[in-house]
Amino acid sequence: MRVPPPAARPSLMRALILCAVLAALACTAPAFADSGTPWPVVGLLALLCLGCELVKLCPLPGSRSRVPEGIGSFFPVVLAAVFLLPPAAAALVALPGGFAQAVLQRPARVRRVWHAAQQATAAWAAGWTFALLGGPAALGASPFAGSFGAAFGGSGPPGAAGRLADFPYAMLPAAAAAAAFCLVLAALDAGILAAAEGRPARTAWRGLVTGSLAPHCVHGLAGLMMAVMWRSPYGLPAAILVLLPMYISCWVFAQYHRERAAHQATIRALVQAVDLKDRYTRGHSERVGQASAMIARELGMSEDRLEVVRIAGILHDVGKLGVPTRLLRKDGPLTPEERRVIELHPEYGHEMVRGIGFLGEARSAILHHHERVDGTGYPYGLAGEQIPVLARVVAVADAFDAMTSTRSYSRARPVPVALAELERCAGAHFDPAMVHALVGAIGRDGWHPVVTADDDVQVIPAGAGAGAASSSAVGRAPAAVAAAAPVVAAPAAAVPDPGGPGLSGLPAQGARLGVRTVDPRAGQDPDGGGGA
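What you are looking at is a predicted structure, and each value in this text was computed from that prediction instead of being measured. (Residues numbered from 1 in each chain as written. Predicted model: local features only at pLDDT ≥ 70, side-chain atom pairs only at ≥ 80, totals over all residues. Heavy atoms only, no water.)

1. Thoughts on the overall build of the chain
Helix and strand counts for the chain come out as 20 helices and two strands. The long-range share in the chain, meaning contacts at least 24 apart out of those at least 6 apart in sequence, stands at 72%. (Helix = DSSP H or I, 4+ residues; strand = E, 2+ residues; numbered from the N terminus. Contact = heavy atoms within 4.5 Å.)

Below, the structure written as structure tokens:
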């Protein structure tokens, strides 16, 4: 049994549901008292509305899966009823589909009643909005009286048969009706959320309206086309055909969102695994992703590529899952041998994500984000333009967060000092274009990390870029996180696989490189050093 949140007010919830049910009864009652209610049309539209909801419970052709739950409610039929029928009759059409709407939480029956009541009330409000703005006349009929016989192929009022809809004026009352439908649904949902979760009604209302107004307007357009085709000489078959492409579009859109949610869940699981293993850098991945996106946006990259850059920044250290935990959590200095083991993490990370197709270009950034422009980086010692663009972006973002975060072996530096250090190392270790992009983005927008694991990460307002750091401040800073490191020879002997049995199939590729860089600060964790 689901336990309500502490702020829930059950009595208010019950009162809201009761009021919604009474409002729905009041909205639909006039249809039974009106002898002119076109029951055949009401029944047919109600069956169409019900069928659009029930089809989501049926397996898709050729598979055992079902229509994605994210497809939501299908409202074009309800809005077509708003445009074709009196308000009370349109409210009746909404009842079966609302009651059949998918419910994921208990109590299911109460939730179904709530959905049916709120949709009937919203349809009634939309119907009156459409009528008051002259919508029925714009569709080529007098308001309500005798128009439904013509819509069903019979005789209509004098002068109504064969009249064409008045476009584009007909779109104005239709858009207003769709907006009224959306606003009533949002108002009722905001009230129930405020009662169930203790959320402020104003916040809930604003979020619901902004997220649903555009989809409801699209559904309203489809409903208007259905109503126009129904009243045309082609009649009912043409009106039903309007639903097919709309429903397929909704299904594809829901499929896309379900796939995107699966991608995000995969990324989140990998990041959580890294954070649990390396507690000293918890939150580091998200911050690097945020800084990488800022650089990409400043460089003018497209939105699609910007998202790839953000993912690359988030997953850049996923290879640490293959590094022994004792090395990641070691408080003292690292020996050269231990550092060489840690330097395997870019290659392990690349092997781990190589089979995840949606990562695309992000995989190269995971492999090469520790390369340096002067060729002294690892794992392959690439230089300059040989390093992939995304890897150069992530390298700067990684070094920036390493300098502005408190680690077990170093304190966080002020953001201006970190930016000045990046500028000093630009051209040697970092791509100058990427450094300048980060400095410009932070100077304009400030640095406001979304996820932080410690209280020492600096939050700096806009306008305080690297120029804010005086030469004396830089002089007082610790040794450069990205300072040139002495090069020492390392034996090319094979390094044991640090990942254990779970990663035993991965080659100890780091052993191929006979030259390694060692941090002058007693060989600390590579992430403590500029892009290392």
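2. Here's the deal with the pattern of salt bridges
Per the stated rule, a full pass over the model turns up 12 salt bridges. Counted as one network, the salt bridges with shared partners bring together Glu298, Arg444 and Asp445. (Salt bridge = Lys/Arg side-chain N within 4 Å of Asp/Glu carboxyl O.)

3. Some points on the environment of alanine 94
Take alanine 94: it is sitting in helix H4 (residues 87–100). Separated by 13 residues in sequence, alanine 94 and alanine 81 place their C-alpha atoms 8.6 Å apart. With residues near it in sequence (within four places) discarded, alanine 94 still touches Val78, Gln119, Ala120 and Ala123.

4. Topic: the packing of aromatic side chains
A full pass over the atoms with the stated rule returns four aromatic pairs. Centre to centre, the rings of phenylalanine 32 and tryptophan 39 are 5.4 Å apart; their planes meet at 40 degrees, and the pair counts as tilted. Centre to centre, the rings of phenylalanine 83 and phenylalanine 130 are 4.7 Å apart; their planes meet at 45 degrees, and the pair counts as tilted. In this pair, phenylalanine 83 sits in helix H3 (residues 76–84) while phenylalanine 130 sits in helix H5 (residues 108–132), placing the two residues 47 residues apart along the sequence. What makes phenylalanine 83 buried here is its relative accessible area of 4%. (Phe/Tyr/Trp six-rings, centres within 6.5 Å; stacked < 30°, edge-to-face > 60°. Buried < 20%, exposed > 50% of the residue type's maximum accessible area, 1.4 Å probe, protein only.)

5. So, the nonpolar core
One finds Phe400, Leu422 and Leu438 to be the most contacted residues of the largest nonpolar core, which totals 45 residues. The set of elements that each furnish at least two residues to this core consists of helix H10 (235–277), helix H11 (284–298), helix H12 (303–315), helix H16 (362–368), helix H17 (389–404), helix H18 (415–425) and helix H19 (432–445). Of all the elements, H17 adds the most residues to this core, at eight residues. Every residue in contact with phenylalanine 400, bar those within four places of it in the chain, is listed here: Val415, Ala418, Leu419, Leu422, Leu438, Ile442 and Trp447. In this structure, Phe75, Ala89, Met226 and Ala227 belong to the second largest nonpolar core, which totals 43 residues. (Core = buried A, V, L, I, M, F, W, Y, C linked by side-chain atoms within 4.5 Å.)

6. Some thoughts on H18
H18 sits mainly inside the fold: nine of its 11 residues count as buried. Every buried residue belonging to H18 is among Val415, Pro416, Val417, Ala418, Leu419, Ala420, Glu421, Leu422 and Cys425, and all of these are buried.

7. Looking at H4
At alanine 94, H4 shows its maximal kink, close to 25 degrees; a proline, proline 96, follows between one and four residues later. For H4, a buried count of 11 out of 14 residues is recorded, marking the element as mostly surrounded by other parts of the structure. Pro87, Ala88, Ala89, Ala90, Ala91, Leu92, Val93, Ala94, Gly97, Gly98 and Ala100 are the residues of H4 that are buried. On its buried side, H4 packs onto helix H1 (10–33), helix H2 (39–54), H3 and H5. (Bend = angle between axes of the 7 residues up to and from the residue.)

8. A word on the environment of valine 242
Following the sequence through the fold, valine 242 ends up in helix H10. The spatial distance from the C-alpha of valine 242 to the C-alpha of methionine 225 is 7.1 Å, given a sequence separation of 17 residues. The residues contacting valine 242, other than those within four sequence positions of it, are Ala222, Met225, Met226 and Met229.

9. So, unusual backbone geometry
Both trends apply: most residues other than glycine have a negative phi, and most peptide bonds are in trans. Tyrosine 378 connects to proline 379 through a cis peptide bond whose omega is 10 degrees. The residue proline 379 is located in the loop between H16 and H17 in this model.

10. As for the side chain of serine 292
Its location among the elements puts serine 292 in helix H11. For serine 292, the side chain forms a polar contact with the main-chain oxygen of valine 288, separated by 2.8 Å. In this structure, serine 292 is in contact with Val309, Gly313, Val393, Val394 and Ala397, ignoring residues within four places of it in sequence. (Polar contact = N/O pair within 3.5 Å; in protein donor to acceptor, adjacent residues only side chain to side chain.)

11. Some details on a nonpolar patch on the surface
On the surface, Phe167, Met171, Leu221 and Met225 cluster together to form a nonpolar patch covering roughly 330 Å² of accessible area. You can see methionine 171 is positioned in helix H8 (residues 171–197). (Patch = residues over 30% accessible without salt bridge, like charges linked within 9 Å, V, L, I, M, F, W, Y side chains within 5 Å. Areas by Shrake-Rupley, 256 points an atom, 1.4 Å probe, with all protein chains shown as cover.)

12. Observations regarding the packing of H17 against H18
Interhelical geometry of H17 versus H18 gives an angle of 140 degrees and a closest axis separation of 9 Å. Considering the angle they form, H17 stands oblique to H18. The two elements H17 and H18 cross, and the hand of that crossing is right-handed. Between H17 and H18, the contacting residues are Val396, Ala399, Phe400, Met403 and Thr404 on the first element and Val415, Ala418, Leu419, Glu421 and Leu422 on the second. Its residues assigned to classes, the contact of H17 with H18 comprises eight nonpolar, one polar and one charged. (Axes fitted to C-alpha atoms, helices over the stretch in contact; angles between N-to-C directions. Parallel < 35°, antiparallel > 145°, perpendicular 65-115°, else oblique. Left-handed = near helix turned anticlockwise from the far one by under 90°. Nonpolar A, V, L, I, M, F, W, Y, C, P; charged D, E, K, R; others polar.)

13. Structural notes on the packing of H3 against H5
Their axes nearest at 8 Å, the elements H3 and H5 cross at an angle of 40 degrees. Looking at the two axes, H3 sits oblique to H5. Helix-helix and strand crossings are classified by hand; for H3 and H5 the assignment is right-handed. Between H3 and H5, the residues in contact are Val78, Val82 and Phe83 and Ala123, Ala126, Gly127 and Phe130, respectively.

14. With respect to the environment of lysine 277
With respect to the helices and strands, the residue lysine 277 is situated in helix H10. Lysine 277 sits in the buried class, given a relative accessible area of 17%. C-alpha separation for the pair lysine 277 and arginine 326, spaced 49 residues apart in sequence, amounts to 9.6 Å. In contact with lysine 277, other than residues within four places in its own chain, are Lys320, Leu321, Gly322, Val323, Pro324, Thr325, Leu328 and Arg329.

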